[in-house]
Amino acid sequence: MAEAADFQGTSPSPARRWLRRGGALLAGAPLLAGLLQLPLSTPSQAAEKASATTASESMATASGSSGPVDVSLDALTPSAPTDGDTVTVSGSVTNTSKQTVTDAHVGIRVGPSLNTRTAIDTVAKRSSFQPGVDPLEIGGKYVAKVTRLPAGSSQHFSLSVPVKDLDLGSDGVYQLGVSLTGRTTAQPWDQVLGIERTFLPWQPDAADTKTKTTYLWPLISTVHLTAETGSDAQQTPVFKNDDLAKEISPGGRLDQLLSLGSQLDVTWVLDPDLLASVDAMRGGYRIQQENGTTVAGKNQAVATAWLDKLEKAVQGQSLVALPFADPDLASLAHHGKDVTGSLSHLKDATDVAADTVETIVHVKPSTEFAWPADGAVDPSIIKVATSAGADKVIARSDSLRETGGLPYTPSAARPIGGGTTAVVADERMSTAFQGDMMKADTSALAVQKFLAQSLMINLQEPKKERSIVVAPQRTPTASQAQSMAEALRALQQGNWSQSQSLTEAAKAKPDPGATTRVPSGSSYPSSLRHRELPRSAFERIQATQAKLDKFRVILTDESRVVTPFGRAIERGMSSSWRGRTAEAADFRQGVETYLDGLMGLVHLIQKSDAKLSGRSATIPVTVQNNLVQGVGHLVLRLTSQQPTRLKIGNGPYDEQKIQVAGEHSQSVKFTTSTQANGPVQVVAQLYTEDGQPYGDPVPFEVKVTEITSTVMLVIGGGVLLLVLAGFRMYTQRKRAAARRAEEDAEDAEDAEDGPEAGGDGEDAAATVDTDSTEDSEAGPERASAPESGADDPEQPSDPSPDTAPESADPSGTGERVDR
């Protein structure tokens, strides 16, 4: 109903009515000629006859071609002509049949004007020539001769026609066809052998009321950064590959998008992750290799140049920042919201978006817009999209369809309840440049159709001001961007459209008759649903987050880990993973694996079995920290699995707080006491301060050997022998001292009595010497013996210690624990 009443065109001029009537008469000429079996036909009659018969069907054509000759329209300038302009159409004709085409020419066919947007779609879909529907050639001097076109060959053409000779009427959208008329060996009369159609927007004077048009210009890429960073102070980032450098290098996709957008009046839509990734490059980066190693990246200067150009381009412009890494809102709504904690990632991604963009390009962006994939919405998507603070959702008209029978395209803004505004982008204009735009003819046709749809919106209700939003594909190719820019330049120079920002479009007064009912979940396109992230993806993301929460507790500088991993987790739910299920799973697994590796750098050193003899001893356990930063807030617990045989501390377990400097280890000793002999299983385990296990437990066996009464008797006997030996030595020393004293007294008496008393002097001298000699042999040995005490050297009869010296090294097989 809306399309039927889109626009009622004005009546054609008298000359045009004459041409139409002439065309109708000529349409019957082929049939009449056949009945009369005329040998020859006029050129115009032959052309209509060829279109009315199946001549072209008898000729071999290329796959997908509607006729033996393919007409390619590569350029039409100006795209939206005004009074005094000359329209130039250029392209090529290619003979796709097996027969040579002769006596041919290329001509232009203009008119009539179209009345509705649906009519534009219908014309664009037609491929074959339809007499009475397709307009007649302008003819005359405005044709390009093609004398001979052999099978498989092509020929370029260019036709220029002053606007005044096109006989355009009032403002409107006109059909423009370029056809080749010629002859073949099988059918030697003039016939239309191929045609291409496009549109000519005609608005020579400024419209009284212009349509306000918002065009979103997205700078969005895929995920490039990993969670891995260097251990240096700068935390050098690691990229999956160097593809981002190619995109931002001169001539790359993102470089062309930036250059083209800077020349247009558009609303920039940025993914903060893209800016953060390029910013990370310019400070130095590394690239992952297939063998697990990394190499230094070399495109720092390219990154700096691109960001400098972006900063200049967005100054004073409308700027919208999506949540960090552009999360897939539909996947969250359909599969992730029931996984605990998933929506918190969307909130984090939204919170960090504005700061990221403002820090890098020094422009404060708007973060009030959410953009689901392809603008498809349902109640759950709206709920998720607004859960992080956005109150405006960019939808699309093929999702939020009109049901009120409006005879025109309404403004984009629609209040949908709960303080939320749906900004509904026009589906026809938003999808105009999808597909392969590398072909000149495809691009030229897309540009003209885009302009035609825009003008038709204005002509639907020329006195009613409306705001239209165009939301193209998220990641347009370089060729698509070039086509978009060409169409926008023509539109912004045209006489019926006026640019405005997305924020202004969202604030525009909504049409009271426009639909505000959000479609149900069952109406969500299955083609989009099949490309969503599965529930398992969000479960894996949440498992990684749980590990990160445990890890951050023990770190002295958690920002070195939490920030890169937090951003990596958000990248794992990016819209860029749509249709890339395997790659997305590999990325998420890589993030978790790398986190596991970092957590494993803080661990207990493995212990072998130990031996314990005696009623008490100490057991050492060592904690190793191979991180560059210190860790703390950890508790080491040692638990006896059989506390009736071996107690740790005063019970079945004991624990101590742990704090280890970066790249160091720490040994902790636990006091134990034995109750009975036998092997006991002991487990060492690290815990966070909130009681969560950290890392793997380290089990080992302690063999307890209690000291028995027999052993005590043996030890007691040994001590008694030592005492007796000491007493014997003491008595011997006393006797020797008494004997020496007695001998000294006798010598003194002999000296007083003189030689007579002691015999002759020779004998006396011999006795002293003998005594002296005996004393010199026995006296020093006895004098050198130290007194028994605590510092006595160990004697051969001393018992050996029952434990090994204290050591912090890992226990060896059969080691004895310290007491």
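Residues numbered from 1 in each chain as written. Predicted model: local features only at pLDDT ≥ 70, side-chain atom pairs only at ≥ 80, totals over all residues. Heavy atoms only, no water.

Peer 1: Help me understand the pairing of strand E24 (residues 631-640), please; the structure alone is not making it clear to me.
Peer 2: One face of the sheet, then the other: side chains in a regular strand alternate in exactly this way. Most of E24 is tucked away, with seven of its ten residues classed as buried. When E24 meets strand E26 (residues 653-660), the two strands line up antiparallel, connected through seven bridges. The residue of E26 that forms the bridge with Val631 is Val660. Judged from the seven bridges that link them, E24 and strand E28 (residues 678-688) form a sheet pairing that is antiparallel. (Buried < 20%, exposed > 50% of the residue type's maximum accessible area, 1.4 Å probe, protein only. Helix = DSSP H or I, 4+ residues; strand = E, 2+ residues; numbered from the N terminus. Pairing = 2+ DSSP bridges.)

Peer 1: Just to check I follow, could you spell out the nonpolar core for this structure?
Peer 2: What tends to happen in soluble globular proteins is that the nonpolar side chains get buried as a cluster. With 74 residues, the main nonpolar core has Phe551, Leu636, Leu638 and Val702 as its most contacted residues. In contact with Phe551, other than residues within four places in its own chain, are Val561, Leu595, Leu598, Met599, Leu627 and Tyr694. With 65 residues, the next largest nonpolar core counts Ile120, Val278, Met456 and Met484 among its residues. (Core = buried A, V, L, I, M, F, W, Y, C linked by side-chain atoms within 4.5 Å. Contact = heavy atoms within 4.5 Å.)

Peer 1: I keep staring at the confidence of the model for the protein and nothing clicks. Help me out?
Peer 2: Note that predicted coordinates carrying low pLDDT should not be read in detail. Looking at the protein as a whole, its pLDDT mean stands at 84, while 81% of the residues score no less than 70. A low-confidence stretch, residues 754-819 (pLDDT under 50), is modelled with 57 contacts involving residues beyond four sequence positions or located in other chains. (pLDDT = per-residue confidence, 0-100.)

Peer 1: For this particular structure, what's the right way to read the environment of Thr403?
Peer 2: Among the structural elements, Thr403 can be located in the loop between strand E16 (392-396) and strand E17 (413-417). By relative accessible area, which is 68% here, Thr403 ends up exposed. Along the backbone, Thr403 and Arg517 are 114 residues apart, and their C-alpha atoms lie at a distance of 9.2 Å.

Peer 1: Is there a simple way to think about the pattern of salt bridges in this case?
Peer 2: Opposite charge on two side chains permits them to pair, given that their charged atoms come into close proximity. In the structure shown here, the tally under the stated rule is 33 salt bridges. Arg126 serves as the salt-bridge partner of Asp134, at 3.2 Å between the closest nitrogen and oxygen. Each of the two residues, Asp134 as well as Arg126, counts as buried. A salt bridge links Asp165 to Lys164, with the nearest nitrogen and oxygen atoms 3.4 Å apart. Residue Asp165 is classed as partly exposed on the basis of its relative accessible area of 29%. (Salt bridge = Lys/Arg side-chain N within 4 Å of Asp/Glu carboxyl O.)

Peer 1: Is there a simple way to think about the packing of aromatic side chains in this case?
Peer 2: Given two aromatic rings, one states the distance between the centres and the angle between the planes to describe the pair. Within the structure shown, the criterion is met by six aromatic pairs. Measuring from ring centre to ring centre gives 6.2 Å for Tyr215 and Phe450, while their planes differ by 65°; the resulting arrangement is edge-to-face. You can see Tyr215 sitting in strand E8 (residues 211-219) and its partner Phe450 sitting in helix H13 (residues 440-460), a full 235 residues away along the chain. The exposure class assigned to Phe450 is buried, which follows from its relative accessible area of 1%. (Phe/Tyr/Trp six-rings, centres within 6.5 Å; stacked < 30°, edge-to-face > 60°.)

Peer 1: What's the story with helix H4 (residues 117-125) in this structure? I'm lost.
Peer 2: Helical periodicity: at 3.6 residues per turn, an α-helix aligns residues three or four positions apart in one direction. All buried positions along H4 are accounted for by Arg117, Ile120, Asp121 and Val123. Seen along its axis, H4 keeps its buried residues to an arc of 165°; they face one direction. On its buried face, H4 is in contact with strand E3 (101-114), strand E6 (172-184), strand E7 (191-202), helix H12 (427-430) and H13. (Arc of directions from axis to C-beta.)

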